[in-house]
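Topology and contacts: notes
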Amino acid sequence: MRFSCFFIIVSVSCEAAAASDCGCSESRSATRESPNDQGSRSGKNFVEESPSIPIDSVCRAALHEKMVLVKGGEFIMGTNRPVILADGEHPARVKNISSFWLDATEVSNEAFEKFVHETGHLTDAETIGDSYVLGSTITESKAIQGAVQAAPWWFSVFGASWRNPEGPGSNIIKRMKHPVVHVSWRDAERYCEHYGKRLPNEAEWEMACKRSLGGKRFPWNDEVTDAENQRSANIWQGQFPNTNTKKDGYEGTAPVDTYDPYPGLPLKNMIGNVWEWTADAWTTDHGTKPDGEETRRVKKGGSFMCHASYCFRYRCEARSENTLDTSSVNVGFRCAADALDSRTL
Ligand SMILES: [Ca+2]
Ligand SMILES: [Ca+2]
C-alpha cells in the first residue's frame, strides 16, 4: 500500500515522508529490465480550480508536493492539421481523462541524485556504457563510439551519463537544478515508482500541456515565426545544427524552473528544454497494437535541440519515440500520480 502511514510525525519533511515513511519508496528489483489553490501559483502545489481536496493523510500531501492537479474532463487530443504526418499527430479526437497530478517541473539532477543515493540505481547509460550526445558539445573526442548516419550531429559517446552529460570530463556540478538527462524509459519508470508515482500517459501529458498554454499554440503566442526571438521556452534558435543564438537564454538545458509560468496551468518547460517520456507504447495509427514489439515508448514536448527547420516538435500534439533503453542528452521526464479522490473534484 502506498498510503499506509497515517501516523508519521508531521515534522518529518513531506519529501522524506513520501520517500521513506509511506512505503512509497520501497525498492523493487533494480535490474536493467528492466487558482483557488491549496498554495499559490508559486507554492508547493497547485490545484486547477477550486475543488475541495480531501487530503486524507500526510502521505498524500507529501506525494503531491510540487505537483499540479490537472482536473479531469474531455479534451481534443492530436490535430487535424498535422505538421509531421509520419509521427501520427493526427487525427484530432476526443479523449476523456480522469483527474491526475503532474510534477510541476521536469525531474532535476538534484532530485535524481537523491533517488540514486536512496536506491543505488544504475541507469541504462551507465550499465551499457555509452549514450547519445550532441557532437559540438563532446568533451573528449576519443570517447566517441560512432555517429548516427541519418542525423550526423548525434554521437554515441563512451562514458556519457546523467553524471557526465557531454561525456568524460563533463559534470553536473553547476547544473543540479537542470533536468536529469541520459535517462532511459526504464530509468524514468523506476524513479517515479520509487516515489509512489508513475509516468504520465500520452493523453494526460498532452492535455496538461494544452491547458498550460491557455489556448495558445506555443508558450509565447500562436506564431512559429516568433520562435527566433521568444524567451518563454528553451528551443534551438538560429540555424540548426551550426548556429545557436541562445535568445531564450540557453544553448543546452535550462534549470527546470526557468521561465514564467505559462498562461494556463503552472507547469514549467512542458514545451522544450528536454523531451519527456510517457508511459505509452509507440503507435502511429492509434490502434491497440503498438508499432514494433512494444519496445518503443512515446516522448513529448521537444527539447533544446528542436528547431522548426529540423525537429518542429515543440508543440503539445507533436510526438516522437525511442526504445526502452535509449538515452540521450536531450531526454528527461516528469512523474504523474492518480487523483484517487477525483470523483469529488
Ligand atoms: Ca535555447
Ligand atoms: Ca520539457
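A quick note: this is a predicted structure, and the numbers were derived from the prediction, not measured.

Turning our eyes to something else, we now look at the sheet that holds strand β7 (residues 144-148). Note: strands within a sheet are paired through backbone hydrogen bonds, in either parallel or antiparallel orientation. Spatially, β6-β8-β7 is the arrangement adopted by the 3 strands of the open sheet, whose pairing is antiparallel. The open sheet has two edge strands with one neighbour each: β6 (130-134) and β7. Recorded for the sheet is a direction-independent mean angle of 30° between the axes of neighbouring strands. Sheet analysis places β6 next to strand β8 (residues 151-158), joined by 5 bridges and oriented antiparallel. Bridging across to β8, Asp130 finds its partner in Phe158.

Moving on to the confidence of the model for the protein. Mean pLDDT over the protein: 84, with 80% of residues reaching 70 or higher. Low pLDDT (under 50) marks residues 1-43, which in the prediction has 75 contacts with non-local residues, meaning those over four places away or in another chain. In this model, residues 49-55 is a region of pLDDT below 50 whose contacts with residues beyond four sequence positions or in other chains number 13 contacts.

Here the focus is unusual backbone geometry. His90 connects to Pro91 through a cis peptide bond whose omega is -5°. Here Pro91 is to be found in the loop between β3 (73-77) and β4 (93-97). The linkage connecting Phe240 with the following residue, Pro241, adopts the cis geometry, with an omega of 0°. Within the element layout of this structure, Pro241 appears in the loop between β9 (238-239) and β10 (243-244).

Quick look at the pairing of β8 now. Strand direction decides the pairing type here: β7 and β8, joined by 4 bridges, are antiparallel. Each residue of the ladder has a partner; that of Ala147, found in β8, is Phe155. What sits between β7 and β8 in their antiparallel hairpin is a turn of 2 residues.

So, how was this worked out
- Residues numbered from 1 in each chain as written.
- Chains lettered and ligands numbered in written order.
- Predicted model: local features only at pLDDT ≥ 70, side-chain atom pairs only at ≥ 80, totals over all residues.
- Pairing = 2+ DSSP bridges.
- Helix = DSSP H or I, 4+ residues; strand = E, 2+ residues; numbered from the N terminus.
- Axes fitted to C-alpha atoms, helices over the stretch in contact; angles between N-to-C directions.
- pLDDT = per-residue confidence, 0-100.
- Contact = placed C-beta atoms within 7 Å.

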